[in-house]
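Here is how the chains run, residue by residue.
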Amino acid sequence: MASPMSAGDFLAALTDEGVRVTQVGDWRQHNRNHKGPWGPVHGVMIHHTVTSGTEETVEICRDGFESLPGPLCHGVIAKDGGVHLVGYGRANHAGLGDDDVLRAVIAEKALPPDNEANTDGNRAFYGFECENLGDGEDPWPEEQLDAIARAAAAVCRHHGWTERSVIGHLEWQPGKVDPRGFTMDAMRARIRERLK
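So, a few notes on the structure that sits alongside this text. Please read these numbers as outputs of a predicted model, since none were measured by experiment. Per chain, the residues get numbers from 1 upward, laid out in the order the sequence is written. For this predicted model, a pLDDT threshold of at least 70 governs which residues receive local features, and a threshold of 80 or more governs which side-chain atom pairs are given and counted, while totals over whole chains, interfaces and linings are taken from all residues. The basis for every side-chain value is the complete set of heavy atoms in the structure, and neither hydrogens nor water enter the calculation.

## Comments concerning unusual backbone geometry
And then number 1: Cis geometry is adopted by the peptide bond preceding P40, which originates at G39 and carries an omega value of -5°.
And then number 2: Helix and strand definitions here come from DSSP, where helices need a minimum of 4 consecutive H or I residues and strands a minimum of 2 consecutive E residues; each element is numbered from the N-terminal end. By the secondary structure assignment, P40 is in the loop between β1 (20-23) and β2 (43-48).
And then number 3: With an omega of 0°, the peptide bond between D178 and P179 qualifies as cis.
And then number 4: Turning to its location among the elements, P179 is positioned in the loop between β8 (166-168) and α5 (184-195).

## Points about the environment of P69
And then number 1: Checked against the element boundaries, P69 lands in the loop between α2 (54-63) and β3 (75-77).
And then number 2: Burial status follows relative accessibility: with a 1.4 Å probe on protein chains alone, a residue under 20% of its type maximum counts as buried, one over 50% as exposed, and anything between as partly exposed. The partly exposed category is assigned to P69, whose relative accessible area is 26%.
And then number 3: With 108 residues separating them along the chain, P69 and V177 place their C-alpha atoms 21 Å apart.
And then number 4: In this view, P69 contacts R32, D63, G64 and N92; residues no more than four positions away in its chain are not counted. In what follows, residue pairs with any heavy atoms lying within 4.5 Å of each other are defined as contacts.

Right under this line is the structure:
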């Protein structure tokens, strides 16, 4: 079990890992903590946004929608590799997922198929939304893939986790497809190399 790091430690971990960070408004206090706890935390979840354009993407991920208020993640990873911090604390990104997957993440073992949605992921995962249309054709620039690996590695390094603590939304919740356009196994391999 791990308590979430402070917002200051989160920012420091990212910058120490070489992430180019933009702080958006009151991101340190922008959260959904009034809807339930954040923590203990057990891993990092990667998403794609189904949006185009960094400014609009950051705004959506910060503010959310009427039916799904923001923040929708902790950081937005743009095409150019910049990470925009939009919230800190409980965020509407993971939703309900599979308790067997969470147990595997905690144990840092191979993930089972996600066939249930019975466990609150918003309390258990740091979340990064990655700017991409999610159609399998929108490219993933190397700068963006590198930033995803760096951001995830930063969190893992702080908590003493391995790359097995990083999952995609598609590995957590049945029916989800994100991130689409690269495999989580390939991303975990990148993270593993960074953590060496």
